[in-house]
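Structural features, examined
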Amino acid sequence: MSQIIPQLFLASVGSKSLDKIANLLPHKPKDQMRVAFIPTAADPYKDKWFVKEDRDKLVEMGFDVFDVDIKDKTKRDLEEELRNIDIIFVAGGNTFYLLDQVQSSDFKEVVKTLIVGRGVLYVASSAVAVLAGPDIKPIDLLEDLSIV
């Protein structure tokens, strides 16, 4: 039995570096790999241009992209919505806001099962890439806590 190796792709600007993930994929995007696009971290912002750029780039590359907002979701909701995906893409935004939504929805546990158990690729853009690390201390000085 072959071992599934988890893969993470953490980027500062997702839309500018998505071409680099093509070499990591077992299939070409044109084969309609399904991407769960998580825009939740941008909820506190009025102008979400960076989310649109990331999503547009995925579509341009040929992925089958669908949005999954984790706000107000249960673990069971997320397990159902994410069951047939190849890639999880977490768009940028406010790290602290996203962390709150991750904790209240059990998103972390669902994602961990998908990455480790199924080999789903996890892609995170901008400040939210910090959530893949052991703690979010590095982002403390960069985030605006007043909007959370």
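Here, every reference points to the structure presented above.
The present account deals with the structure reproduced in this document. (Residues numbered from 1 in each chain as written. Predicted model: local features only at pLDDT ≥ 70, side-chain atom pairs only at ≥ 80, totals over all residues. Heavy atoms only, no water.)

**Considerations on the overall build of the protein chain**
Across its full length, the protein chain holds 5 helices and 5 strands. Mapped in sequence order, the helices and strands of the protein chain form the string β-α-β-α-β-α-β-α-α-β. Restricting the contact set of the protein chain to residue pairs at least 6 apart, pairs at least 24 apart contribute 83%. For the protein chain, the exposed area adds up to about 8,400 Å²; of that, 52% sits on carbon and sulfur atoms. (Helix = DSSP H or I, 4+ residues; strand = E, 2+ residues; numbered from the N terminus. Contact = heavy atoms within 4.5 Å. Areas by Shrake-Rupley, 256 points an atom, 1.4 Å probe, with all protein chains shown as cover.)

**Focus on helix 4 (residues 95-105)**
For an α-helix, the turn length of 3.6 residues means that residues three or four places apart are oriented alike. Listed as buried for helix 4 are Thr95, Phe96, Tyr97, Leu98, Gln101, Val102 and Ser105. In this structure, the buried residues of helix 4 make contact with helix 3 (75-81), strand 4 (87-90) and helix 5 (107-118). Where helix 4 begins, one side-chain oxygen reaches toward the backbone nitrogen of phenylalanine 96, 3.0 Å away; that side chain belongs to asparagine 94. The positive-phi residue at the C-terminal boundary of helix 4 is aspartate 106, with phi of around 65°. (Buried < 20%, exposed > 50% of the residue type's maximum accessible area, 1.4 Å probe, protein only. Polar contact = N/O pair within 3.5 Å; in protein donor to acceptor, adjacent residues only side chain to side chain.)

**Digging into the packing of aromatic side chains**
Across all of its chains, the model carries 3 aromatic pairs by this definition. Consider the rings of phenylalanine 37 and phenylalanine 89, whose centres lie 5.3 Å apart with planes at 15°: the pair is stacked. Here phenylalanine 89 lies in strand 4 and phenylalanine 37 lies in strand 2 (residues 34-38), a separation of 52 residues in the sequence. Of the two residues, phenylalanine 37 and phenylalanine 89, neither departs from the other in class, the shared state being buried. Where tyrosine 45 meets phenylalanine 50, the ring centres are 6.1 Å apart and the plane angle is 80°; that geometry is what we call edge-to-face. The class for tyrosine 45 is partly exposed, based on a relative accessible area of 26%. Here phenylalanine 50 falls in the partly exposed class, since its relative accessible area comes to 21%. Through pairs of rings, three or more aromatic residues link up here, namely Tyr45, Trp49 and Phe50. (Phe/Tyr/Trp six-rings, centres within 6.5 Å; stacked < 30°, edge-to-face > 60°.)

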